[in-house]
Amino acid sequence: AESPARVIWVADDNTGDYASLSEALDSINDATSSNPYVIKIAPGEYTENSNVVLKTYVDVEGSGQDITTINCACSSNNFDASSAVISAGAITAEIRHLTINNTGGNNNYSFGVYTNSVVDGSFSMLHVTATATDSTFNYGVLNELSSPTMNNVTATATGGTNNYGVANFSSSSPTMTNVTATATGGDFSYGVVNISSSPTMNNVTATATGGVRSYGVANEVASSPTMNNVTATATGGTDSSYGVYNDSSSPTMTDVTATATGGSVSYGVYNT
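Scoring rules and cut-offs
- Residues numbered from 1 in each chain as written.
- Predicted model: local features only at pLDDT ≥ 70, side-chain atom pairs only at ≥ 80, totals over all residues.
- Heavy atoms only, no water.
- Disulfide = S-S within 2.5 Å.
- Buried < 20%, exposed > 50% of the residue type's maximum accessible area, 1.4 Å probe, protein only.
- Helix = DSSP H or I, 4+ residues; strand = E, 2+ residues; numbered from the N terminus.
- Pairing = 2+ DSSP bridges.
- Phe/Tyr/Trp six-rings, centres within 6.5 Å; stacked < 30°, edge-to-face > 60°.
- Salt bridge = Lys/Arg side-chain N within 4 Å of Asp/Glu carboxyl O.

A. Spatial organisation of the state of the cysteines. As enumerated under the stated definition, the model contains 1 disulfide in all. Between the sulfur atoms of Cys72 and its disulfide partner Cys74 the distance amounts to 1.7 Å. Between Cys72 and Cys74 the disulfide shows an S-S torsion of about 80 degrees. By sign, it is right-handed. Judged by relative accessible area, Cys72 falls into the buried class, the value being 1%.

Right, dumping it as structure tokens:
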């Protein structure tokens, strides 16, 4: 039988063990598969000053999306974890039932959640909202060389030159189920973009609005995602709008609704 997890409570009213997620994580140095932890976070808004790096065998559980919110102005000029509110590497853990909000800043990159080198779904996101705003490049969720499990995730990016709801880069193959990904504005907006990546997308709604170029789902550079029950919508791209854009890629598309409107050119599905 699995060992019961040790519980640490975070609350911002002095009723918990710690007042922030980062303080709770810093206190844990003995988590193992036989000695796992759960950090439970009370309702409220919590502000972090820099990237929070998750630890293996330590789950993080909020009190619900938009009930527990972690905010951070965590933008940086580095395309790595330093630009993220929450980051996960090659660990075994889950985050669930919370909102993660990167409020950006005058730097290049802002990520809500960033994963790197996650293997075979060993890290998962469950009932998570991730938002990134107001840097040059904003990513709600960015997976790089990574294959997490994403279940009931809402990812949003706004306010930059390039905005990505969910981005899967460099041989990432996450399992995405019941995911809503939205990007708004900028020169380029992508609901979901897959670059050299092949996620499994089930019941995904991907929407891009108001960019100069808007892409509901973009598959590029030899990507081969499996897309089942996907709704991909692009609207208002002043130059072009693409519901599903496939460039040198071979997705499997079943029960896909692809819609594009409002661009100088608009394509439901575009293969090149």
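Having seen the structure, we can now continue with the description.
B. Looking closely at the pairing of strand S11 (residues 137-144). In terms of burial, S11 is a largely internal element, 7 of the 8 residues being buried. Relative to S11, strand S9 (residues 109-116) runs parallel, the two being bridged by 7 bridges. If you follow Val113 over to S11, its bridge partner there is Val141. One ladder, built from 7 bridges, connects S11 with strand S13 (residues 162-169); its direction is parallel. Within S13, the residue paired with Tyr139 across the bridge is Tyr164.

C. Up close: the packing of aromatic side chains. This model, assessed by the stated rule, comprises 19 aromatic pairs. For the pair Tyr109 and Phe137, a centre-to-centre distance of 5.4 Å together with 35 degrees between the ring planes defines the contact as tilted. Within this pair, whereas Tyr109 is found in strand S9, its partner Phe137 is found in strand S11, the two being separated by 28 residues in sequence.

D. Fine view of the pattern of salt bridges. Summed over all chains, the structure comprises 5 salt bridges. The closest approach of N and O atoms between Glu61 and Arg96, which form a salt bridge, is 2.9 Å. Here Arg96 lies in strand S8 (residues 93-102) and Glu61 lies in strand S5 (residues 58-61), a separation of 35 residues in the sequence. Among the ionic pairs, Glu94 bridges to Arg96, the shortest N-O distance being 2.8 Å. Overall, Arg96 belongs to the buried group, its relative accessible area being 11%. What you see here is one network of salt bridges that share partners, running through Asp59, Glu61, Glu94 and Arg96.

E. Fine view of unusual backbone geometry. In this model, Asn178 sits at a positive phi of 55 degrees, which is unusual for a non-glycine residue. You can see Asn178 is positioned in strand S14 (residues 175-184). Positive phi, close to 50 degrees, is recorded for Ser196, a residue that is not glycine. On the secondary structure map, Ser196 appears in the loop between strand S15 (188-195) and strand S16 (200-209).

Take it as geometry only, folks, not as evidence of what the structure does.
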